[in-house]
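Structure at a glance
Residues per chain are reported as follows:
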Amino acid sequence: MRIDAVTIFPGYLAALDLSLIGRARREGIIDLRVHDLRDFTHDRHRTVDDTPYGGGAGMVMKAQPWREALTHVLDSDDGRSGPAPVLLVPGPGGERFTQASARELAKAPWLAFACGRYEGIDERVYEWATERMEVRVVSLGDYVLNGGEVAVLAMVEAIGRLLPGVVGNAESLVEESHEGGLLEYPIYTKPATWDGGDGVERVVPEVLLGGNHAAIADWRHQQRLERTAARRPDLLHDAATTGGLADLDHAVATPADAAELAVLQKACWIEMVAPVENWWGAPAEDADTVAADLEHWSTHVFRSGGRLVGSVRVRRDPTEPRTWQIGRLMVVPDLQGRGLGRELLALAESLAPPDVDTYWLNTGADQQRLLRIYRKAGYRISGEGEGPGTVDLTRRA
Ligand code: ADE
């Protein structure tokens, strides 16, 4: 994997020479190149920031050095005419970086990181970069760091260790916290009885001392559940539904589902509920409108413990019968990012009759996350959609 990182503190990233990631670099598994943003300035003071338009505290990183630095990264393709890197911009206002993100990003051949400092980077850099590569703002968590470098250290380690050959024992990747959506079980090593100097003899749980592997596996699973319940109860609900679509109850929607579907539409497109100029009506639709549409589409609903967590609808295009229309692909926000959307899309495609030659769907031209999912699934933009600000996407069946 190739990784580029642009920063004003290249020394910060020297830690990536150490330990397993350092070894992976030396072995050529990770080709990490660190660039000093100040090398792309042209004034005596190597200035990378300036005061914000409109006033306010702090400084803003100037667009020009960023354009030159990122152009340098893009142009250093080494003659590979492969895809551009995915550009990751660490920031507290980004999508949450999780183990699922690490797994997804570990599949990319090329990642680039842009470390912001001060109040952030001139917004026009994002626009410029988005026209040249996939750009994702990613946050480590709900707290503010002074800059992106610490986040890059964390992300490169989380992603890098998933690359084949970086961690010696592949099993240790499967057995750890967050894999499978649960926290890790407690671990012990010799001696079996340990005196902590406080007069208490602490012993290793009995089950671990015997050789009953099934009993040990059961104990460890129970410990994972108890730990997760105590420390991260939010993960337990998710873990119950991480098995994928096959673990959900599947039914074809009836008018009785309409009210919940209308709520799901709002939850999925919440950012469009307020603006008047919605690119289409789904977020604003009421239950009656949804119920009326059920007559024109075959709508599939998926439930976990009774809760509606996903839906998709399909039909033959009324005017182009060999086209299979797929619409309203929705996964509740708390379960997004774990592949359920892709599974729903595959299911929607599999429902097409054999004479269909094209799958069709439509989405907002600015829906980067959805466009990324559809592009990955083989869909390409085929033109402007009927609704303002929408695009149609198709794929050969
Ligand atoms: N930069 C500043 N705060 C950050 C955060 N929480 N995550 C990632 N990058 C950041």
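Everything numeric in this text was worked out from a predicted model, so none of it was measured.

Rules behind the numbers
- Residues numbered from 1 in each chain as written.
- Predicted model: local features only at pLDDT ≥ 70, side-chain atom pairs only at ≥ 80, totals over all residues.
- Pairing = 2+ DSSP bridges.
- Helix = DSSP H or I, 4+ residues; strand = E, 2+ residues; numbered from the N terminus.
- Axes fitted to C-alpha atoms, helices over the stretch in contact; angles between N-to-C directions.
- Near = placed C-beta within 6 Å.
- Domains from an automatic or database assignment.
- Contact = placed C-beta atoms within 7 Å.
- Parallel < 35°, antiparallel > 145°, perpendicular 65-115°, else oblique.
- Left-handed = near helix turned anticlockwise from the far one by under 90°.
- Nonpolar A, V, L, I, M, F, W, Y, C, P; charged D, E, K, R; others polar.

Let's talk about the sheet that holds strand S5 (residues 86-96)
With respect to topology, 5 strands assemble into an open sheet ordered S2-S1-S6-S5-S7, the strand pairing being parallel. Edge positions in the open sheet fall to strand S2 (31-36) and strand S7 (134-139), since each of these has one partner strand only. Each neighbouring strand pair of the sheet contributes to a mean axis angle of 30°, computed without reference to strand direction. Pairing analysis gives 6 bridges linking strand S1 (residues 2-7) to S2, with the strands arranged parallel. Paired with threonine 7 across the strands is aspartate 36, a residue of S2.

Description of the site of the ligand
Close to the ligand lie Pro90, Gly91, Pro92, Ser139, Leu140, Gly141, Tyr143, Val144, Leu145, Gly148 and Ala151. No other element matches S5, which puts 3 residues into the shell around the ligand.

Structural notes on the domain arrangement of the protein chain
Per the domain assignment, the segments of the protein chain are domain 1 (2-170), domain 2 (193-240) and domain 3 (245-396). The straight-line distance from the C-alpha centre of domain 2 to that of domain 3 is 42 Å.

Topic: unusual backbone geometry
Look at the link from lysine 190 to proline 191: it is a cis peptide, with omega at 5°. On the secondary structure map, proline 191 appears in the loop between helix H6 (170-174) and strand S8 (193-195). A positive phi angle is found at arginine 46, which is not glycine, with a value near 55°. Tracing the chain through its elements places arginine 46 in the loop between S2 and strand S3 (49-50). Although it is not a glycine, arginine 328 adopts a positive phi angle of roughly 45°. Mapped onto the elements, arginine 328 comes out in strand S13 (residues 323-331).

Some details on the pairing of S5
Bridging between S5 and strand S6 (residues 110-114) involves 3 bridges; their strand directions are parallel. If you follow leucine 87 over to S6, its bridge partner there is alanine 112. Sheet topology places S5 next to S7; 7 bridges connect them, and they run parallel. Bridging across to S7, valine 86 finds its partner in glutamate 134.

Things to note about the sheet that holds strand S11 (residues 298-304)
The mixed open sheet is built from 7 strands, whose spatial order is S10-S11-S12-S13-S14-S16-S15. Every interior strand has two partners, whereas the edge strands, strand S10 (249-252) and strand S15 (380-384), have only one. Strand after strand, the sheet turns through a mean of 25° between neighbouring axes, direction not considered. Sheet topology note: the S10/S11 ladder contains 4 bridges and is antiparallel. Following the sheet pairing, alanine 251 is matched in S11 by valine 301. This element, helix H10 (residues 258-268), spans strand S12 (307-316) and S13 of the sheet and lies at about 95° to S12.

A look at the packing of helix H2 (residues 63-75) against helix H4 (residues 123-130)
Viewed as axis vectors pointing N to C, H2 and H4 meet at an angle of 25°, and their least axial separation amounts to 9 Å. Considering the angle they form, H2 stands roughly parallel to H4. Note that H2 runs across H4; the crossing there is right-handed. When H2 is examined against H4, the residues Ala63, Trp66, Arg67 and Leu70 are found in contact with a partner set consisting of Arg124, Val125, Trp128 and Ala129. In terms of residue class, the contact of H2 with H4 is made up of 6 nonpolar, no polar and 2 charged.

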